[in-house]
Amino acid sequence: MSGQKLKVNLRRYRFEAGDMTQQELAERVGVTRQTIISIEKGKYEPSIQLALRLARLFGVPVERLFELDERKEDGNGGR
Amino acid sequence: MAGGKLKSLFERWGISPIGITALALVFFGFFLGITIHMAFFLLIAPGAFGPGLLRQLGVIEDLDECQKQASIQAAHRAYLAGGIFLTCVTVARSWTRLSLGEDFVPASLVLILMLVVYGVSYCLSFWDPRQAAFLVLFGFGLIWLTFVVLSHGNEPIALMVEGALVAVPFFIAAFLAKRWPRVIGVLLVAASIAAVFFFHLVPPAGAEADKVFGKIFVILMLPLPLALMGLALFGKALKQE
């Protein structure tokens, strides 16, 4: 509803974690590979629970994996 | 070996055994239906709607959250497409008659079923059952009041008596649903069952198809939404205990 885009850094952390494949990541957080693909492409925004599971797996805070696109926010009036 | 590879390929693409079975039922139902006997079309129903129904009942849990969202989105689009198509067919075919006619009862019945299920399901998903029950009951009250005003607008006494008998109980139940959800829930289910018998909505054996459809139409419009709200209210009250 806000129109603000979500910046997803999942791919970067996946590569940093020893070139983890999408399939491997999917199995470790209990979703399908297609879901990981959709999240990385920004086509699907994960639930808080899945976002937390992903963050825990990579050992980083959730906001490192997912960020609100600030440029877009400024464009909207920077509320 | 080949079976294992196939399984991992299906898993990789997020296709479950349930999805494959459903697809096979739809395909064979359609194929055998047109080549051997019409009765094979029956296979399409469990294939097309079985998995969704079992998921709704909580019997199977085979989708992840992204698949669930896709499924919800697809169902919503199917609802819109089906509803618009049915409305167009119903209106276009009876355009010159100014009446739906008996042969159009099944089409409008499907439309009503879609609208009732969508309305009740949306209310219960978006709001708390007590708030949903309040809105549905208040809506029912307003609809009945409109009917009463339209039919007795120029007869003040009849308007007051019928309004008090038909519309006011819905308004009272709407307000009490928030305070006593369990009692109102049971009363709504009881009232729905009573309405089925009071209005003779159970079709007798061997009744004509048109009459059966007519009765189903009334059941969908009145007792079904009330019973669903009653069950939701009662379920919510039990969970809170």
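What you see is a predicted model, and the numbers here were worked out from it, not measured in a lab.

Undergrad: Can you walk me through the overall build of chain B in this structure?
TA: Helix and strand counts for chain B come out as 10 helices and 0 strands. The order of helices and strands in chain B, counted from the N terminus, is α-α-α-α-α-α-α-α-α-α. Looking at chain B residue by residue over its 241 residues, the buried ones come to 27%. If you take every contact in chain B between residues at least 6 apart in sequence, the share linking residues at least 24 apart comes to 62%. Carbon together with sulfur atoms contributes 75% to the accessible area of chain B, which is approximately 15,900 Å² in total.

Undergrad: Please clarify how the interface of chain B and chain A should be interpreted in this entry.
TA: Often the size quoted for an interface is simply the accessible area lost on bringing the parts together. Taken together, the 8 residues of chain B in the interface contact 11 residues of chain A. Of the roughly 880 Å² buried at the junction of chain B and chain A (both faces included), carbon and sulfur atoms supply 48%. In this structure, the connection of chain B to chain A is made through 0 salt bridges. Connecting chain B to chain A are 4 residue pairs in polar contact (both at pLDDT 80 or more). Looking at which element gives the most residues to the side of chain B that touches chain A, the answer is helix H4 (residues 65–93) of chain B, with 4 residues. Residue composition of the side of chain B that touches chain A, by class: 2 nonpolar, 3 polar and 3 charged.

Undergrad: Any chance you could explain the nonpolar core here in plain terms?
TA: Soluble globular proteins: nonpolar side chains tend toward being buried together. Ranked by internal contacts, the top residues of the largest apolar core, which has 22 residues, are Leu137(B), Leu188(B), Leu226(B) and Met229(B). For this core, the secondary-structure elements that each account for two or more residues are helix H5 (105–126), helix H6 (129–152), helix H7 (156–179), helix H8 (181–198) and helix H10 (223–240) of chain B. Element by element, the count of residues in this core is highest for H6(B), at 6 residues. Dropping the residues within four chain positions of it, Leu226(B) is found in contact with Leu137(B), Phe140(B), Phe170(B), Leu188(B) and Ser192(B). Of all hydrophobic cores here, the second largest spans 19 residues; its members include Leu10(A), Ala26(A), Ile39(A) and Leu65(A).

Undergrad: Which parts of the structure should I look at to understand the packing of H6(B) against H7(B)?
TA: Packed helices, taken two at a time, are described by the angle their axes make and the gap between the axes. Residue and element names in this part refer to chain B. Where H6 contacts H7, the two axes come as close as 7 Å, and the packing angle between them is 175°. With respect to H7, the axis of H6 lies roughly antiparallel. Looking at the contact of H6 with H7, its residues break down into 20 nonpolar, 4 polar and 3 charged.

Undergrad: I'm lost on the side chain of Asp64(B) in this one. Help?
TA: Within the secondary structure, Asp64(B) is located in the loop between helix H3 (44–56) and H4. Among the polar contacts made by the side chain of Asp64(B), one reaches the main-chain amide nitrogen of Thr32(A) at a distance of 2.8 Å. A distance of 3.1 Å separates a polar side-chain atom of Asp64(B) from the backbone nitrogen of Cys66(B).

Undergrad: When you look at the packing of helix H2 (residues 22–29) of chain A against helix H4 (residues 48–58) of chain A in this model, what are you seeing that I'm missing?
TA: Residues and elements named next belong to chain A. Here H2 crosses H4 at 115°, and the two axes come no closer than 10 Å. Judged by the angle between their axes, H2 and H4 are roughly perpendicular. Judged by the sense of rotation from one axis to the other, the crossing of H2 with H4 is right-handed. Here Leu25, Arg28 and Val29 of H2 come into contact with H4, specifically with Leu50, Arg53, Leu54, Leu57 and Phe58. Looking at the contact of H2 with H4, its residues break down into 6 nonpolar, no polar and 2 charged.

Calculation rules
- Residues numbered from 1 in each chain as written.
- Chains lettered and ligands numbered in written order.
- Predicted model: local features only at pLDDT ≥ 70, side-chain atom pairs only at ≥ 80, totals over all residues.
- Heavy atoms only, no water.
- Helix = DSSP H or I, 4+ residues; strand = E, 2+ residues; numbered from the N terminus.
- Buried < 20%, exposed > 50% of the residue type's maximum accessible area, 1.4 Å probe, protein only.
- Contact = heavy atoms within 4.5 Å.
- Areas by Shrake-Rupley, 256 points an atom, 1.4 Å probe, with all protein chains shown as cover.
- Buried area = accessible area lost by both parts, 1.4 Å probe.
- Salt bridge = Lys/Arg side-chain N within 4 Å of Asp/Glu carboxyl O.
- Polar contact = N/O pair within 3.5 Å; in protein donor to acceptor, adjacent residues only side chain to side chain.
- Nonpolar A, V, L, I, M, F, W, Y, C, P; charged D, E, K, R; others polar.
- Core = buried A, V, L, I, M, F, W, Y, C linked by side-chain atoms within 4.5 Å.
- Axes fitted to C-alpha atoms, helices over the stretch in contact; angles between N-to-C directions.
- Parallel < 35°, antiparallel > 145°, perpendicular 65-115°, else oblique.
- Left-handed = near helix turned anticlockwise from the far one by under 90°.

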